[in-house]
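Residues per chain, in single letters:
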Amino acid sequence: MTAPEPLDARAEVAAAVEGIRRLARHVSDFPQPGVLFTDLTPVFADGPALRSIMRALAAPVAGRVDLVAGIDARGFLLGAGVALELGTGVLAVRKKGKLPPPVHGEEYALEYGSAALEVPAEAIELAGRRVLVVDDVLATGGTLRASVDLLERCGAIVETVAVVAEVPGLGGRERLDGVGLHCLTTV
Ligand SMILES: O=P(O)(O)OC[C@H]1O[C@H](OP(=O)(O)OP(=O)(O)O)[C@H](O)[C@@H]1O
Ligand SMILES: Nc1ncnc2[nH]cnc12
């Protein structure tokens, strides 16, 4: 049996979910036919909702991580705020070609295409670091699976993957089998 979350974490999750449900936008056939796109930018533009989200993502791992990894690009909006809540630094996990060499990289497929993510190979010590990975949306799980694999290849210990919203029915949760997943809500 897992220990219950502290009361304040539950309150933050409830406030965050209310903001997400109220403000998230769903757009058909974007960025390509057949995709129902979940746009969280109106949620992040709301001060109280953004604050609740930062706190809700941070609370379960307080004291258990020493680095937050934000995924390019929407995960960047969350990464720095969550890191400030936790008192850690933030790592930008960047799309291919944005970081100077040397880098470690990982290719992946997502709901509407393929891409690659990179982190610095030497400039930041990742071996033994306990990392919280944050992003806005979990869909097929390709992005977060690649992020976890990349960070673990660099010697990091991924404590938890935290996302604001999960798009159900695309296999993302299954793709992250074996990884601690904290998802605030489904959309
Ligand atoms: O679970 P998946 O199928 O991998 O999809 C989820 C990813 O897709 C979106 O990013 P996108 O690649 O569109 O990049 P962006 O943040 O630059 O818009 C989203 O921010 C996640 O990172
Ligand atoms: N349906 C979706 N909505 C928002 N972001 C996504 N990334 C991948 N699939 C997505």
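Computed from a predicted model, the values in this text were never measured in an experiment.

Some words on the packing of aromatic side chains
In step 1: Scanning the model with the defined rule gives one aromatic pair in all.
In step 2: Ring geometry for Phe30 versus Phe37: centroids 5.0 Å apart, planes at 85°, classification edge-to-face.
In step 3: Residue classification places Phe30 among the partly exposed positions, given a relative accessible area of 43%.

What to know about the UniProt feature "domain: Phosphoribosyltransferase" (unreviewed entry) in the protein
In step 1: As annotated in UniProt, the feature "domain: Phosphoribosyltransferase" (unreviewed entry) corresponds to residues 63-165 in the numbering used here.
In step 2: Counting secondary structure, residues 63-165 comes out at 24% helix and 45% strand; the distance between its end C-alpha atoms is 24 Å.

Here we look at the site of ligand 1
In step 1: In the vicinity of ligand 1 lie 16 residues, with Tyr112, Asp135, Asp136, Thr140 and Thr143 positioned nearest.
In step 2: A distance of 3.4 Å is found between an oxygen atom of ligand 1 and a backbone nitrogen or oxygen belonging to Glu111.
In step 3: A distance of 2.5 Å is found between an oxygen atom of ligand 1 and a side-chain nitrogen or oxygen belonging to Asp135.
In step 4: Here ligand 1 has 500 Å² of accessible area as a free molecule, and 86% of this is covered by the chains.
In step 5: Where the shell around ligand 1 is concerned, the elements lending two or more residues are strand E7 (130-138) and helix H5 (142-153).
In step 6: By residue number, the principal contributor to the shell around ligand 1 is E7, which donates four residues.
In step 7: Within the shell around ligand 1, the residues separate by chemical class into six nonpolar, four polar and six charged.

How each quantity is defined
- Residues numbered from 1 in each chain as written.
- Chains lettered and ligands numbered in written order.
- Predicted model: local features only at pLDDT ≥ 70, side-chain atom pairs only at ≥ 80, totals over all residues.
- Heavy atoms only, no water.
- Phe/Tyr/Trp six-rings, centres within 6.5 Å; stacked < 30°, edge-to-face > 60°.
- Buried < 20%, exposed > 50% of the residue type's maximum accessible area, 1.4 Å probe, protein only.
- UniProt positions renumbered as here; feature names shortened; annotations may be inferred.
- Helix = DSSP H or I, 4+ residues; strand = E, 2+ residues; numbered from the N terminus.
- Near = heavy atom within 4 Å.
- Polar contact = N/O pair within 3.5 Å; in protein donor to acceptor, adjacent residues only side chain to side chain.
- Areas by Shrake-Rupley, 256 points an atom, 1.4 Å probe, with all protein chains shown as cover.
- Nonpolar A, V, L, I, M, F, W, Y, C, P; charged D, E, K, R; others polar.

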